[in-house]
Amino acid sequence: MDRRQFFGSAALSAVAAASVSKVALAALPEPVIATSPDTAPPLIPPNGRPYHPVVTLNGWSCPWRMNQGVKEFHLVAEPVVREIAPGMKATLWGYNGQSPGPTIEVVEGDRVRIFVTNRLPEHTTIHWHGQRLPNGMDGVGGLTQPAIPVGKTFVYEFEARRPGTFMYHPHADEMVQMAMGMMGFWVTHPKAQTRGTPLIAEVQRDFCFLLNAYDIDPGSTTPRPNTMLDQNLWTWNSRAFPGIASLNVRQHDKVRIRVGNLTMTNHPIHLHGHEFTVTGTDGGPVPPSARWPEVTTDIAVGQMRQIEFVADEPGDWALHCHKSHHTMNPMGHTVPNMVGVDHRGLVQKIQRLVPDYMVMGERGMADMGAMEMPIPDQTLPMMTGTGPYGPLEMGGMFTTLKVRADQAPGNYQDPGWYQQPSGTRPFEWSGSLPEPQRPATPPATPEGTVQIRKPSAHAGH
Ligand SMILES: [Cu+2]
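Since the structure is predicted, the reported quantities are computational estimates derived from the model, not experimental observations.

**Observations regarding the overall build of the protein chain**
Consideration 1: Counting its secondary structure elements, the protein chain contains four helices and 24 strands.
Consideration 2: Here the protein chain holds 461 residues, and the buried ones make up 37% of them.
Consideration 3: Sequence separation of 24 or more characterises 73% of the internal contacts of the protein chain that already satisfy a separation of 6 or more.

Written out as structure tokens, the structure is:
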């Protein structure tokens, strides 16, 4: 055996377990593989019932093949490389080349057939979270089906009975497989009869993303699946700010944002500049009489929320998780508290021993957004973004809603930073203001006493 033969056979045996027969796949819909983490334009349905497509942040929608009235999709479960943000690529497991997998969009009443090919090193299943379907199609390994063995293709088939916001993920070794990034979004659009009703409004923009989290040691690329709650990368669709795309809309558009939580903790998602209502969950549309205005909605583990609002205020508005440690990228959790500690003289002494030594945190940590601290390859600075006014001291679960009067209908491209009209920004105060009007003779109050007026003292009661 020469060198080439040796490496050839070694490579073959290494991939044999995960390889899938080309002949067996020939009759299936060609799987559509994505390699870019960019946000794809909406997939306009080429056939079937019409609908208004969603835009998946840093993702794409899965094309289908129409086969005698059945929508056929092909998902391939496989190891993937995902750029978390520029400067960091992670080795994850996902579907069709990326984590999350492609968004599946169908219409209420559609017959759906999904081929699932397993190119992972272990068995898997797919559970269709939130759907009404025959018990055997529910995707719980051991309970409703034997798991899909390595190298095999199984087919799921059911009718998309209920319009709404759903997701898919494995129910086989889920602690590892979800910690490795296996998940995807599913939207069942309403058919014509249920569209545009008070229950399911028409919108001009419809965005979706999943909340997920990873624990990846700086310098490495593979998440630790055993971490329970203390993940160091808080991501939307496996991206961390500044890697998360902005939501770009036209002023006065009605906007829907659909969010699902597949992390192990809750995320209060907060929108600046607008009030929204929660119009639906993975359980279905919320009756209009049960909706109330909010600016933050908490999304618990395994839950989905769809929020709606009219984007009538132009600007760049923050959209983020309100847990401030979730708008941070990897940070040491055992850093001693230095706020208020005076280090003068100490740094020079330590630098004689450790030349790169830097003290952080004695005046807060804001400087970290600006300073170029050396970090290992394959990780992200803790606070990383840059805005039009300097360092944007966040990472993780943060992005912006960009509302513009001149954003063309159907154009989802990033319009750049907002140009604020002059006189609408805080500025350093100097000089004098006009004297405010004050009563000529202030009412006399004896020193050291407080005037108390009881409600009963008011006339008419
Ligand atoms: Cu959070």
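What follows continues from the structure just given.
**A look at the pairing of strand E15 (residues 267-271)**
Consideration 1: Side chains His267, Ile269 and Leu271 project from E15 onto a buried face, and the interleaved Pro268 and His270 project onto a face without burial.
Consideration 2: Relative to strand E21 (residues 315-321), E15 runs antiparallel, the two being bridged by three bridges. Following the sheet pairing, Ile269 is matched in E21 by Cys321.

**Overview of the sheet that holds strand E19 (residues 296-299)**
Consideration 1: Spatial ordering of the open sheet is given by E13-E24-E21-E15-E19, a layout of five strands whose pairing is mixed. Two strands in the sheet have a free side with no partner beyond their single neighbour: strand E13 (247-250) and E19. Ignoring strand direction, the axes of neighbouring strands in this sheet form an average angle of 20 degrees.
Consideration 2: Summarising the sheet, E21 and strand E24 (residues 398-404) pair through six bridges and their orientation is antiparallel. Residue pairing across strands places Trp317 opposite Leu401, the latter belonging to E24.

**Overview of the sheet that holds strand E5 (residues 104-107)**
Strand pairing in a sheet is mediated by backbone hydrogen bonds. Such pairs are either parallel or antiparallel.
Consideration 1: In spatial order, the strands read E5-E10-E9-E7; together these four strands make up an open sheet with mixed pairing. Looking along the sheet, the strands with just one partner apiece sit at the ends: E5 and strand E7 (127-129). The mean inter-strand angle of the sheet, taken between neighbouring strand axes irrespective of direction, is 25 degrees.

**Here's the deal with the nonpolar core**
The tendency in soluble globular proteins is for nonpolar side chains to be buried side by side.
Consideration 1: With 80 residues, the main nonpolar core has Leu75, Met167, Trp186, Phe207 and Ala240 as its most contacted residues.
Consideration 2: Apart from the residues within four sequence positions on either side, Met167 is in contact with His129, Met183, Gly184, Phe185, Trp186, Leu210, Gly260, Leu262 and Met304.

**Things to note about the pairing of strand E11 (residues 205-214)**
Consideration 1: The buried fraction of E11 amounts to 10 of the 10 residues, a majority that puts the element mostly inside the structure.
Consideration 2: Of the two faces of E11, the one lined by Arg205, Phe207, Phe209, Leu211 and Ala213 and the one lined by Asp206, Cys208, Leu210, Asn212 and Tyr214 are each fully buried.
Consideration 3: Pairing of strand E1 (residues 55-56) with E11 involves two bridges; the strand directions are parallel. Each bridged residue has a counterpart across the sheet, and for Thr56 the counterpart in E11 is Cys208.
Consideration 4: When E11 meets strand E12 (residues 233-236), the two strands line up antiparallel, connected through four bridges. Residue Leu211 lies in a different strand from E12, and its bridge partner there is Trp236.

**Thoughts on the environment of Ile84**
Consideration 1: Residue position: Ile84 is located in strand E3 (residues 70-85).
Consideration 2: Sequence separation of Ile84 and Leu233 is 149 residues, and the distance between their C-alpha atoms is 8.9 Å.
Consideration 3: In contact with Ile84, not counting residues within four places along its chain, are Ala90, Leu233, Thr235, Ser238, Arg239, Ala240, Gly243 and Leu380.

**What to know about the confidence of the model for the protein chain**
Consideration 1: Model confidence for the protein chain is summarised by a mean pLDDT of 88, while 84% of its residues fall at 70 or above.
Consideration 2: Confidence drops under pLDDT 50 across residues 1-18; counting only partners more than four residues distant or on other chains, this segment forms nine contacts.

**Observations concerning unusual backbone geometry**
Among all residues save glycine, negative phi is the norm, and among peptide bonds the norm is trans.
Consideration 1: Cis geometry is adopted by the peptide bond preceding Pro100, which originates at Ser99 and carries an omega value of -5 degrees.
Consideration 2: With respect to the secondary-structure elements, Pro100 resides in the loop between strand E4 (88-95) and E5.
Consideration 3: Note the cis peptide between Phe241 and Pro242, where omega equals 10 degrees.
Consideration 4: Among the structural elements, Pro242 can be located in the loop between E12 and E13.

**Considerations on the environment of Phe207**
Consideration 1: Relative to the elements of secondary structure, Phe207 occurs in strand E11.
Consideration 2: Considered as a pair, Phe207 and Ile307 are 100 residues apart in the sequence and their alpha carbons are 10.0 Å apart.
Consideration 3: Among all residues touching Phe207, those that are not within four sequence positions of it are Val54, Val55, Leu57, Leu247 and Ile257.

**A word on the environment of Glu122**
Consideration 1: Within the element layout of this structure, Glu122 appears in the loop between strand E6 (111-118) and E7.
Consideration 2: For Glu122, a count of 16 C-beta atoms within 10 Å puts it in the partly exposed group.
Consideration 3: Along the primary structure Glu122 and Ala172 are separated by 50 residues, whereas in three dimensions their C-alpha atoms are 9.5 Å apart.
Consideration 4: Once residues lying within four places of it in the same chain are set aside, the contact partners of Glu122 are Val150 and Asp173.

Criteria and cut-off values
Residues numbered from 1 in each chain as written. Predicted model: local features only at pLDDT ≥ 70, side-chain atom pairs only at ≥ 80, totals over all residues. Helix = DSSP H or I, 4+ residues; strand = E, 2+ residues; numbered from the N terminus. Buried ≥ 20, exposed ≤ 12 C-beta atoms within 10 Å, placed from the backbone. Contact = placed C-beta atoms within 7 Å. Pairing = 2+ DSSP bridges. Axes fitted to C-alpha atoms, helices over the stretch in contact; angles between N-to-C directions. Core = buried A, V, L, I, M, F, W, Y, C linked by C-beta atoms within 7 Å. pLDDT = per-residue confidence, 0-100.

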